[in-house]
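This is what each chain is made of:
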Amino acid sequence: MTIIHITHEAKRNVLNLKNMTKKPRYSPQRNSILKILKDDGGHIDAPEVHKRVKKIHPKVSLATIYRNLSQLETLKLISSIKNDSNIMFFEIYREPHHHFVCEKCGQIQNLEYPTINICTSCISPHSNFKIRKVATTLHGTCDSCNTPRKELNGTFAIRPFSI
């Protein structure tokens, strides 16, 4: 089993997943999903996860992928985010962090700027909220979509499309 170097809580959940006696129990397909998400390091949608897992486990269904992604998210081993097209993308769970979603190409990027955190101490005294994490999603257009296309020999270069 691949040990994923992430939070201590998530590490415990990975080990517990292998030793579970009740559902959800450990499965090679679930382990493959974790490995694929870890190796990719980005945000992958369920059909892409299915395509990659099928190379290892040819009989796995898309429904099995969705079920396992849901269980892994419940166990806080992975997290999900939706883009502007309402497509769910998955990544290995990390400490709460922020995302940028491009409204043109759909690309999702992690933002590692601690100054984005809102002032939770300003909110808590004025409410009964007990804030345990802050995760912000910013929407706009990415660098690639903001860069004008350059003309090459009378034709325009096409930017790669990514979701």
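Residue positions are counted from 1 within each chain, in the order its sequence is given. Predicted model: local features are reported for residues with pLDDT of at least 70 only, side-chain atom pairs are reported and counted for 80 or more only, and whole-chain, interface and lining totals are derived from all residues. In computing side-chain properties, one takes all heavy atoms of the structure into account and sets aside hydrogens as well as water.

Q: I'd love a proper account of the pairing of strand β3 (residues 88-92), names of residues and values included.
A: In terms of burial, β3 is largely enclosed, as 4 of its 5 residues are buried. Sheet analysis places strand β2 (residues 78-82) next to β3, joined by 5 bridges and oriented antiparallel. Following the sheet pairing, Ser80 is matched in β3 by Phe90. The pairing criterion for strands is at least two bridges between them, as found by DSSP. In DSSP terms, a helix is any run of H or I states spanning at least four residues, a strand is any run of E spanning at least two, and both are numbered starting from the N terminus. Where β2 folds back onto β3 in an antiparallel hairpin, the turn is made up of 5 residues, including Asn86, whose phi is positive at roughly 65°. The rule is simple: take the accessible area with a 1.4 Å probe, protein chains only, and divide by the maximum for that residue type; under 20% is buried, over 50% is exposed, in between is partly exposed.

Q: Describe in detail the sheet that holds strand β6 (residues 137-140), supporting the description with residues and values.
A: Reading across the sheet, the 3 strands line up as β5-β4-β6 and stay open at both edges, with mixed pairing between neighbours. Each edge of the open sheet is held by one strand with a lone partner, namely β5 (108-111) and β6. Averaged over all pairs of adjacent strands, the angle between their axes in this sheet comes to 25°, without regard to strand direction. Strand direction decides the pairing type here: strand β4 (residues 98-102) and β5, joined by 4 bridges, are antiparallel. Bridged to Phe100 within β5 is Gln109. Geometry is summarised by axes, namely lines fitted to C-alpha atoms with helices restricted to the contacting stretch, and by angles between N-to-C directions that run from 0 to 180 degrees.

Q: Please set out the nonpolar core residue by residue, giving values where relevant.
A: Side-chain atoms within 4.5 Å link the members of a nonpolar core, which is a set of buried Ala, Val, Leu, Ile, Met, Phe, Trp, Tyr and Cys residues. The biggest cluster of nonpolar side chains holds 17 residues, and the ones touching the most others in it are Ile33, Leu37, Val49, Val53, Ile65, Leu69 and Ile78. The biggest single contributor to this core is helix α2 (residues 28-40), with 4 residues. If near-sequence neighbours (up to four positions away) are discounted, Leu37 is found in contact with Ile44, Val49, Leu69, Ile78, Phe90, Glu91 and Ile92. Residues Phe100, Cys102, Cys142 and Cys145 belong to the second largest nonpolar core, which totals 6 residues. Note on contacts: a residue pair qualifies if any of its non-hydrogen atoms lie within 4.5 Å across the two residues.

Q: Just give me the short version of the side chain of His57, but keep the residues and values in it.
A: Along the chain, His57 turns up in the loop between α3 (46-56) and α4 (62-74). You can call His57 buried: its relative accessible area is 18%. The residues touching His57, leaving out its near neighbours within four places in the chain, are Pro28, Gln29 and Ser32.

Q: Tell me about the packing of α2 against α3, and please be specific about residues and values.
A: Between α2 and α3, the shortest axis-to-axis distance is 10 Å and the interhelical angle comes to 120°. In terms of axis orientation, α2 runs oblique to α3. For the crossing formed where α2 meets α3, the hand is right-handed. Residue-level inspection shows Ser32, Ile33, Ile36, Leu37 and Asp40 of α2 in contact with α3, the latter providing Val49, Arg52, Val53 and Ile56. Nonpolar residues are Ala, Val, Leu, Ile, Met, Phe, Trp, Tyr, Cys and Pro. Charged residues are Asp, Glu, Lys and Arg, and all others, Gly as well, are polar. For the contact of α2 with α3, the residue count by class is 6 nonpolar, 1 polar and 2 charged. Here the angle decides the label: under 35 degrees means roughly parallel, over 145 means roughly antiparallel, 65 to 115 means roughly perpendicular, and every other value means oblique. Each crossing is labelled by how the near helix is turned from the far one, with a counterclockwise turn of less than a right angle marking it left-handed and a clockwise turn marking it right-handed.

Q: Summarise α4; cite the residues concerned and give the values.
A: Expected span, for any helix, means 1.5 Å times one less than how many residues it has. The end-to-end C-alpha separation of α4 is 18 Å, in line with the 18 Å expected for 13 residues at 1.5 Å each. Those residues of α4 lying buried are Thr64, Ile65, Asn68, Leu69 and Leu72. The arc that holds the buried residues of α4, viewed along the axis, is 130°, so those residues lie on one side. Phi turns positive, to about 60°, at Lys76, one or two residues after α4. Comment: arc refers to directions from the helix axis out to C-beta atoms.

Any functional reading would require information that these geometric values do not contain.
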